[in-house]
There are 2 protein chains.
Amino acid sequence: MSHKIVLDHGAGGGMSRELISGTIARILGDTYLGELEDSTLVDVPAGRLAITTDSFVIDPIFFSNGDIGKIAVAGTVNDLAVSGARPLYLTLAMIVEEGFLVDDLERIVQSIADTARAAGVHIVAGDTKVVRRGEVDQIFLNTTGVGVLERKPLSSRAPRPGDQVIVSGYLGDHSIHILSVREGLGFESRVKSDCAVLSAPIAALLDACGEGVRCIRDITRGGLGTVLNEFAEASGSGIDLIASALPIRPETAMAADMLGVDVMYLANEGNLCIVTAPEAAPAALEVLRAFPETAHAAIVGTVHGDGTEVSMLDDDGHKTRVDLLYGAQLPRLC
Amino acid sequence: MSHKIVLDHGAGGGMSRELISGTIARILGDTYLGELEDSTLVDVPAGRLAITTDSFVIDPIFFSNGDIGKIAVAGTVNDLAVSGARPLYLTLAMIVEEGFLVDDLERIVQSIADTARAAGVHIVAGDTKVVRRGEVDQIFLNTTGVGVLERKPLSSRAPRPGDQVIVSGYLGDHSIHILSVREGLGFESRVKSDCAVLSAPIAALLDACGEGVRCIRDITRGGLGTVLNEFAEASGSGIDLIASALPIRPETAMAADMLGVDVMYLANEGNLCIVTAPEAAPAALEVLRAFPETAHAAIVGTVHGDGTEVSMLDDDGHKTRVDLLYGAQLPRLC
């Protein structure tokens, strides 16, 4: 095989087959359940399935503790898990630029296989398209996920006055890491991406707290500010945050300041916002803190019945509104 | 809303929400089942599901009797239907270039809605990313499909000696149409794209012929030559085609000749290759010919037990091998 991807790798003939069965399916190994037919058959129990889809256009595609493949699996697995579903199956579609290095493709597929294996999900169907130079920037992925809902679904309409708001890890780290790599700012060794599969801590949380967990959201594009505004609007409740309780690394705060961006709106790739009943909050924190990927979980605010605004209380007792972000943030962080 | 897509339409905040709930979800209307949460819940019966994924990078995105949206729905619905499944749900992911016209996006989403409604499938989850100018060519789509298998699955391992090979429509038309639009060849008014949803004729065929239908494949990238080589290899049988029986429009043959491409390897987007038991072939033809989208169905060859080659018999009785395509065909036809 050539060392660069060529258009014929996407043409559907012999070179496509070599790439798909000889490289991609070989590396995916036992995480791949497909039979290279037009569609793949899987068995499911009767009931409710959760379905989600996401495209990944991150730049750069490799960063110090992850890559586009890891993000593509973790992001979709997390989107299933936060609905209360057990992730089962992913599809994998790749759009690759002519001239892309086969070695880099293999490295991405290996990362997909490793992350899927760790998350306990199978890749069940795939598609690979190759376009000419300049028609896509290196490689874009899509993963679509299917999970089974074995408990009552979680909904952003569920929060009610008195509920506690938990954030499971440091805000903004993924975005600051990627921006630092991209712009050469030198923060990337001190602030790593938080990209992680979170289905295990979520399952443990739901097992421990049952219906004490009202809803969970993965903090991605739009950041915590957007998640909380969506919770507030859907539930018809207001949310008060305590500024000093927000888990933010000093290095992340400093970098955000330098870049002129607000940590409240930065994407993570392995960070949860959870609303729990007041009596469930201590157990929720204990469960989350037992997992390395959610070890820095903290209660950051409270749901109240007075309006549907999200506000932040600073150390001096001043209250400022946390709006839904309308304007400019940065593209291609995930 | 601005008349062009800007980066903030993909940033996850207020402009993303306006685009998604104000434009995309509004146009999808009752074909959209999602709740704009991270994942969508759907009910399924116990049993086997078929899952498939496909990215669509067609250039041009609009052509005389279709567009990228129609292709994205029809292609994935057809991939489910050819496995014997009843298509139920699609996800829709879009990667859009900054500066893309909102009017064009609305036109594509309307086409997705119309095609999904006609096919009886629902869009259950979506994702919209915006990348900078030059990082993607206009718009790429991904649709992932889920269907339920209510009968014995069809498999390309099933063909056996004596079986008949049927093609449901004119070969190569979609590719010739797209190439003609792209290169300004002037064929596009005489050779239209065959892009069509084929789940209805497939369901009727399976109802009428039961297990007399061995397998079905959508003739897309790689063309009939590739489909037949895959059938031959999977089933361990050879296939003899009759050149004069292949449904090919004279205009398509002429255009292919002019372009130096072989109709046997050109993609359709609404054409089936079907293998049936010999006794089922007449009923299969009758069923298919009753649908406008498969009205030109014809028996084009026979499965035999002598090797696993695909061969073509011409009018003079000469036999030539139809190889798996290895080299160059044309990108971005679907």
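Residues numbered from 1 in each chain as written. Chains lettered and ligands numbered in written order. Predicted model: local features only at pLDDT ≥ 70, side-chain atom pairs only at ≥ 80, totals over all residues. Heavy atoms only, no water.

1. A look at the relation of the copies chain B and chain A
Mapping chain B onto chain A calls for a rotation angle of 180° and an axial translation of 0.0 Å; the resulting RMSD is 0.0 Å. The relationship between the two copies is best expressed as a two-fold rotation axis. Distance from the rotation axis, computed per C-alpha, reaches its smallest value in chain B at Ala46 of chain B: 1.8 Å. Taken as a fraction of all interface residues of chain B, those also at the interface in chain A reach 100%, which identifies the copy contact as same-surface. (Least-squares fit on C-alpha atoms with pLDDT ≥ 70 in both. Contact = heavy atoms within 4.5 Å.)

2. Points about the interface of chain B and chain A
Every contact between the two is made by 79 residues of chain B and, on the other side, 79 residues of chain A. Carbon and sulfur atoms make up 51% of the area that chain B and chain A hide from each other, which totals about 6500 Å². Applying the counting rule to chain B against chain A returns 12 salt bridges. Across the salt bridge formed by Asp59 of chain B and Arg132 of chain A, the nearest N and O atoms sit 3.6 Å from each other. In this structure, the connection of chain B to chain A is made through 31 residue pairs in polar contact (both at pLDDT 80 or more). The residue makeup of the side of chain B that touches chain A, split by class, is 33 nonpolar, 23 polar and 23 charged. For strand β2 (residues 47-56) of chain A and strand β1 (residues 40-44) of chain B, the ladder comprises 5 bridges, and the chain directions are antiparallel. Looking at β1 of chain B, one finds that Leu49 of chain A is bridged to Val42 of chain B. (Buried area = accessible area lost by both parts, 1.4 Å probe. Salt bridge = Lys/Arg side-chain N within 4 Å of Asp/Glu carboxyl O. Polar contact = N/O pair within 3.5 Å; in protein donor to acceptor, adjacent residues only side chain to side chain. Nonpolar A, V, L, I, M, F, W, Y, C, P; charged D, E, K, R; others polar. Pairing = 2+ DSSP bridges. Helix = DSSP H or I, 4+ residues; strand = E, 2+ residues; numbered from the N terminus.)

3. Concerning the environment of Asp163 of chain B
Residue and element names in this part refer to chain B. Within the secondary structure, Asp163 sits in the loop between β7 (139-149) and β8 (164-167). When the C-alpha positions of Asp163 and His304 are compared, they lie 7.7 Å apart, and in sequence the two are 141 residues distant. Beyond its immediate stretch of four places on either side in the chain, Asp163 contacts Ala158, Arg214, Val275, Thr276, Ala277, Pro278, Gly301, Thr302 and Val303.

4. Considerations on the pattern of salt bridges
In total, this model carries 43 salt bridges over all chains according to the counting rule given. In this structure, Glu183 of chain A engages Arg182 of chain A in a salt bridge whose closest nitrogen and oxygen atoms are separated by 3.9 Å. You can call Glu183 of chain A partly exposed: its relative accessible area is 48%. Several salt bridges share partner residues, and in doing so they unite Asp59, Asp137 and Arg332 of chain A together with Arg132 and Glu135 of chain B into one network. (Buried < 20%, exposed > 50% of the residue type's maximum accessible area, 1.4 Å probe, protein only.)

5. Some words on helix α7 (residues 250-259) of chain A
Residue and element names in this part refer to chain A. Taken together, the buried positions of α7 are Thr252, Ala255 and Ala256. Looking straight down α7, one finds its buried side chains confined to an arc of 100°; they lie on one side. The exposed residues of α7 that point more than 90 degrees off its buried face are Pro250, Asp257 and Met258. Among the residues trailing α7, Gly260 stands out with phi positive, at a value near 70°. (Arc of directions from axis to C-beta.)

6. Topic: unusual backbone geometry
In this chain, Asp59 of chain A is followed by Pro60 of chain A through a cis amide linkage whose omega measures 5°. Within the secondary structure layout, Pro60 of chain A lies in the loop between β2 and β3 (62-63). If you check the backbone angles, Arg332 of chain A has positive phi at about 60° while not being a glycine. In this fold, Arg332 of chain A is placed in the segment after β14 (319-321). The exposure class assigned to Arg332 of chain A is buried, which follows from its relative accessible area of 5%. In this model, Gln138 of chain B sits at a positive phi of 70°, which is unusual for a non-glycine residue.

7. Regarding the packing of helix α2 (residues 68-81) of chain A against helix α3 (residues 102-119) of chain A
For any two helices packed against each other, the geometry comes down to the angle between their axes and how far apart the axes lie. All names here are of chain A. The N-to-C vectors of α2 and α3 enclose an angle of 30°; their axes lie 7 Å apart at closest approach. Put simply, α2 runs roughly parallel to α3. Helix-helix and strand crossings are classified by hand; for α2 and α3 the assignment is right-handed. In this structure, α2 contributes Ile68, Gly69, Lys70, Val73, Ala74 and Val77 to the contact, and α3 contributes Ile108, Ser111, Ile112, Thr115, Ala116 and Ala119. When the residues that make up the contact of α2 with α3 are grouped by side-chain class, the tally is 8 nonpolar, 3 polar and 1 charged. (Axes fitted to C-alpha atoms, helices over the stretch in contact; angles between N-to-C directions. Parallel < 35°, antiparallel > 145°, perpendicular 65-115°, else oblique. Left-handed = near helix turned anticlockwise from the far one by under 90°.)

8. What about the environment of Pro159 of chain B?
Residues and elements named next belong to chain B. Mapped onto the elements, Pro159 comes out in the loop between β7 and β8. With a relative accessible area of 5%, Pro159 lands in the buried category. In the structure, Pro159 is positioned 116 residues away from Val275 in sequence and 6.6 Å away in space, judged by C-alpha atoms. In contact with Pro159, not counting residues within four places along its chain, are Arg214, Cys215, Ser235, Ser237, Val275 and Val303.

9. Quick notes on the domain arrangement of chain A
Residues and elements named next belong to chain A. Domain parsing of chain A yields domain 1 (7-149) and domain 2 (164-321). Computed from C-alpha atoms alone, the centre-to-centre distance between domain 1 and domain 2 is 28 Å. Domain 1 puts 19 residues into the contact, and the matching count from domain 2 is 20 residues. Roughly 1600 Å² of surface becomes buried between domain 1 and domain 2 when both sides are summed, with 64% attributable to carbon and sulfur atoms. When residues of domain 1 are sorted by the area they lose upon contact with domain 2, Asn65, Asn78 and Val82 head the list and together hold 31% of the total. Between domain 1 and domain 2 we count 0 salt bridges in total. At the junction of domain 1 with domain 2, the criterion picks out 6 residue pairs in polar contact (both at pLDDT 80 or more). (Domains from an automatic or database assignment.)

10. Remarks on the nonpolar core
Counting residues in hydrophobic clusters, the biggest one holds 42 residues, and the most contacted among them are Met94, Leu105, Ile108, Ile139 and Leu141 of chain A. Within the residue set of this core, elements represented by two or more residues are α1 (14-28), β3, α2, β5 (85-97), α3, β6 (122-131), β7 (139-149) and α4 (173-183) of chain A. With 8 residues, α3 of chain A is the single largest residue contributor to this core. Inspection of this core shows a minimum of three residues originating in each of domain 1 (7-149) and domain 2 (164-321) of chain A. If you look at the next biggest cluster of nonpolar residues, it comprises 41 residues, including Ile5, Val96, Val109 and Val130 of chain B. (Core = buried A, V, L, I, M, F, W, Y, C linked by side-chain atoms within 4.5 Å.)

11. A word on the sheet that holds strand β6 (residues 122-131) of chain B
Spatially, β1(A)-β2(B)-β7(B)-β5(B)-β6(B) is the arrangement adopted by the 5 strands of the open sheet, whose pairing is mixed. Both outer strands of the open sheet, β1 (40-44) of chain A together with β6 of chain B, are each paired with one neighbouring strand and no more. Across the sheet, the axes of successive neighbouring strands diverge by a mean angle of 20°, strand direction being ignored. Pairing geometry for strand β2 (residues 47-56) of chain B and β7 of chain B, over 9 bridges, is antiparallel. Bridge pairing in β7 of chain B links Ile51 of chain B to Val146 of chain B. Running over the sheet, helix α2 (residues 68-81) of chain B touches β2, β5 (85-97) and β7 of chain B and is turned about 150° from β2 of chain B.

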